[in-house]
Amino acid sequence: IVAGAKKKEVADKIQDVFMTDFFRVYTSPDVIGIELGGSLKNVIALAAGVLDGAGFGDNTKAALMTRGIAEISRLGIAMGGKYETFAGLSGMGDLMVTCTSKHSRNRNAGVLIGQGKTAKEAMIEVNQTVEGVFSAKAAYLLGKKFNVELPIVEQVNKVLFEELEGRDELGTPKAACSLTIQRIISEEDTEVILSVGTQDAEVSVYSTPLWMIVDLR
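Description of the structure in this document. Only a predicted model underlies this, so the values are computations on that prediction, with no experimental measurement involved.

A separate point is helix H5 (residues 89-100). Along its 12 residues, H5 runs 15 Å from first to last C-alpha, staying within 8% of the 16 Å computed at 1.5 Å per residue. Against strand S1 (2-4), helix H2 (31-54), helix H3 (58-78), helix H4 (83-86) and helix H6 (105-114) lie the buried residues of H5.

This is the structure:
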């Protein structure tokens, strides 16, 4: 896990208390990045569940997760977070497990929505707190405030909160996926996504859109 604190001595103390032979704790001063990664991944996990419930395949979900961490990173950096945080445990690591685990409340709620239930019905059936429903609205507003493009977050909000009765199909999961894909074409974000750390040097390279971290420390 990652223990975040602005004061290093506080983070070090938490690390010392919880570190064991089978439980590893890292420290980070990037409190903003950790908080945003931990909250916004729930929005992407909802979308991942929607894809599963609607019958999309593994490649589609992999693309969603990859572009999802790109959205989280863009907003997080605009708000003062560090890129490395979103490529680490509290960013990509948390996102991966929340988007894929059968125990994930947010993914499970998304599955139900993808199968045709409303957000309210899905939350009742899951019978646990589905943080992504609330985080989706906040993420959308933050994107507007910081002028950051968040196409996945925008479509999640449409699926969650736009009533479909008496309307066309624009708010359905499949339509939301299609609208996200059909945006103005662009290049892949040119971001450093593979970082290999050693005792003597750190090497960063540009690579494919698959996010990976190799930590040799």
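It is the contact of H3 with helix H9 (residues 151-161), at a shortest axis distance of 8 Å, that shows an interaxial angle of 105°. Here H9 runs roughly perpendicular to H3, going by the angle between their axes. When H3 is examined against H9, the residues Leu 64, Arg 67, Gly 68, Glu 71 and Arg 74 are found in contact with a partner set consisting of Pro 151, Ile 152 and Val 153.

Counting residues in each nonpolar core, the largest one holds 36 residues, and the members touching the most others are Leu 95, Ile 113 and Leu 160. Those elements that provide at least two residues to this core are H2, H3, H5, H6, helix H7 (119-126), helix H8 (131-145) and H9. For this core, the element with the highest residue contribution is H2, accounting for 10 residues. When sequence neighbours within four positions are dropped, the list of residues in contact with Leu 160 reads Leu 46, Ile 113, Ala 119, Val 133 and Ala 136.

Rules used throughout
- Residues numbered from 1 in each chain as written.
- Predicted model: local features only at pLDDT ≥ 70, side-chain atom pairs only at ≥ 80, totals over all residues.
- Heavy atoms only, no water.
- Helix = DSSP H or I, 4+ residues; strand = E, 2+ residues; numbered from the N terminus.
- Expected span 1.5 Å × (residues − 1).
- Contact = heavy atoms within 4.5 Å.
- Axes fitted to C-alpha atoms, helices over the stretch in contact; angles between N-to-C directions.
- Parallel < 35°, antiparallel > 145°, perpendicular 65-115°, else oblique.
- Core = buried A, V, L, I, M, F, W, Y, C linked by side-chain atoms within 4.5 Å.
- Buried < 20%, exposed > 50% of the residue type's maximum accessible area, 1.4 Å probe, protein only.

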